[in-house]
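Residues per chain, in single letters:
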Amino acid sequence: MNVTRGFTGRPRAHRPGLPPGQYDAGDDWPVLSAEVTPDLAPAEWTFRVDGLVAAPRTWDWDEAHALPESAYEGDIHCVTSWSKFGVRFGGVSLDAFLAAVRPDASATHAVAYSHTGYTTNLPLSDLTGGRAWIAWEYDGKPLAAEHGGPARLLVPHLYFWKSAKWIAGLRLLDHDEPGFWEQNGYHARGNPWEEQRYAGD
Amino acid sequence: MTETFTPPTRFAVPGRIAVSNRAAALWQTATLTEIRRETPHAATFRFAVPAWEGHLPGQHLMLRLTADDGYTAQRHYSIASAPDDDGHIELTLDHVDGGEVSGWFHTGAQPGDEVQVRGPLSGFFAWPGDRPALLIGAGSGVVPLMSMVRHHRARGLGVPLRLLVSARGPEELIYAREYGAETTPVFTRSAPEGVPVGRLAARHLAPLLAEEPAGGWEAYVCGSNAFAEHASRLLVRAGQPVDRIRIERFG
């Protein structure tokens, strides 16, 4: 252990929900996107699922909102080391979209892509079973553009760069294909509980 | 039904350089060798990192402090120094109100102290010195941009480079003594005699975009989210292509 002389740090927070190496950002919600925030109206927003599926499909805003509502209440964790507790998102479970397109048995991974061209890769198993959403509400209000509105992917059990803002689609694949940050040295999966920040972690 | 997806906008994919996964995975000891005050709220910390494998301007690192009970705190910081400094790197840190890491640096750190670093990280905001660079920063957001300015100077690069740097006032302007003809400071609260006060505006960008070099500018924007939103919108309105704007937001 390399102890830093004179460093004591914050009072120890006994938060069972805080993954290793993270701190509680409190009311802050930092914005860290690398691109210009797009000016994207709900009427222009679409979400497509294709690739290794039986019935590729595109939803517009109203069609997506016709699916059963689903909410996430819990925590989110950013690779830059802040975590935010007790957030509330509203939208639709990704399971509802996937049920409509019927993934092939050969599909193992997905690339999520944004209306800006941003991409991120995920194992399909991280997107199913009630653990991933298309979210358009935060705290009961429309999701702000700088946080990914009108709609973003939400995969809260992974570091938050996996929760692509301004989500435009998912392409299902039979292999893993690194996305934007993953090509820039970040971890392929990004599990905060195993501190999978960078490739090799 | 034919459906091909075309994003309405594209941004600057991919990163500028390939990154070393080995360097990113490895924690190394960095020994503090020097502390230089820059402004009342910011200071530069110079470290010896003998096994540092080198970085490009614009890259950052992760820094970790460890308490004697094993508690750790880690943060991302942009690298301020140019990459041609053998075995040494510099960081310039704001003293963040209540910040446990920046607080230690500003109130407790002394030459000889050891911290842990891993990096350099990420190739997205890196500038290898190849394309004309239009740099826009505010506050400590100037730090990664200064690495680019220093690199440009140290190597005598001929590729055009301009820096617009926003600060509250002259006393808050980090690296004030180092700027040359490439830099235009913008003062938002107080300014020297004869210099206008006001936030970054279209009139600051217009002359730079008017002198656009062959191949166009690669724009690098760094600062708080509020500043990054403001500056990137100004750039888009002034005609800078959205896929030639790279943003590093401090949060």
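Quick notes on the rules
Residues numbered from 1 in each chain as written. Chains lettered and ligands numbered in written order. Predicted model: local features only at pLDDT ≥ 70, side-chain atom pairs only at ≥ 80, totals over all residues. Heavy atoms only, no water. Domains from an automatic or database assignment. Buried area = accessible area lost by both parts, 1.4 Å probe. Salt bridge = Lys/Arg side-chain N within 4 Å of Asp/Glu carboxyl O. Polar contact = N/O pair within 3.5 Å; in protein donor to acceptor, adjacent residues only side chain to side chain. Helix = DSSP H or I, 4+ residues; strand = E, 2+ residues; numbered from the N terminus. Nonpolar A, V, L, I, M, F, W, Y, C, P; charged D, E, K, R; others polar. Pairing = 2+ DSSP bridges. Axes fitted to C-alpha atoms, helices over the stretch in contact; angles between N-to-C directions. Contact = heavy atoms within 4.5 Å.

So, on to the domain arrangement of chain B. All names here are of chain B. Split by domain assignment, chain B resolves into domain 1 (21-121) and domain 2 (133-250). If you average the C-alpha positions of domain 1 and of domain 2, the two centres end up 24 Å apart. Carbon and sulfur atoms supply 51% of the area that domain 1 and domain 2 bury against each other, a total of about 1,500 Å² over both sides. Between domain 1 and domain 2 we count 0 salt bridges in total. On inspection of domain 1 and its partner domain 2, the count reaches 6 residue pairs in polar contact (both at pLDDT 80 or more). Of all the elements in the fold, those that place two or more residues in the side of domain 1 that touches domain 2 are strand 1 (28-39), strand 2 (42-48) and strand 5 (88-94). Per-class residue counts for the side of domain 1 that touches domain 2 are 7 nonpolar, 9 polar and 5 charged.

Let's shift gears to the sheet that holds strand 2 (residues 46-51) of chain A. Residues and elements named next belong to chain A. The mixed open sheet is built from 5 strands, whose spatial order is 3-2-11-6-7. The open sheet terminates on both sides in strands that have one partner only, identified here as strand 3 (57-60) and strand 7 (119-123). Strand-to-strand, the axes of this sheet are offset by a mean angle of 15 degrees, without reference to chain direction. Sheet topology places strand 2 next to strand 3; 4 bridges connect them, and they run antiparallel. Residue pairing across strands places Phe47 opposite Trp59, the latter belonging to strand 3. On top of the sheet, helix 2 (residues 94-101) reaches strand 2, strand 3 and strand 11 (167-173); it is set at about 50 degrees to strand 2, its chief contact.

All names here are of chain B. Within the secondary structure, Gln240 is located in the loop between helix 5 (225-237) and strand 11 (245-250). A distance of 2.9 Å separates a polar atom in the side chain of Gln240 from the backbone oxygen of Trp217. Beyond its immediate stretch of four places on either side in the chain, Gln240 contacts Leu209, Glu212, Trp217, Ala219, Leu235 and Ile245.

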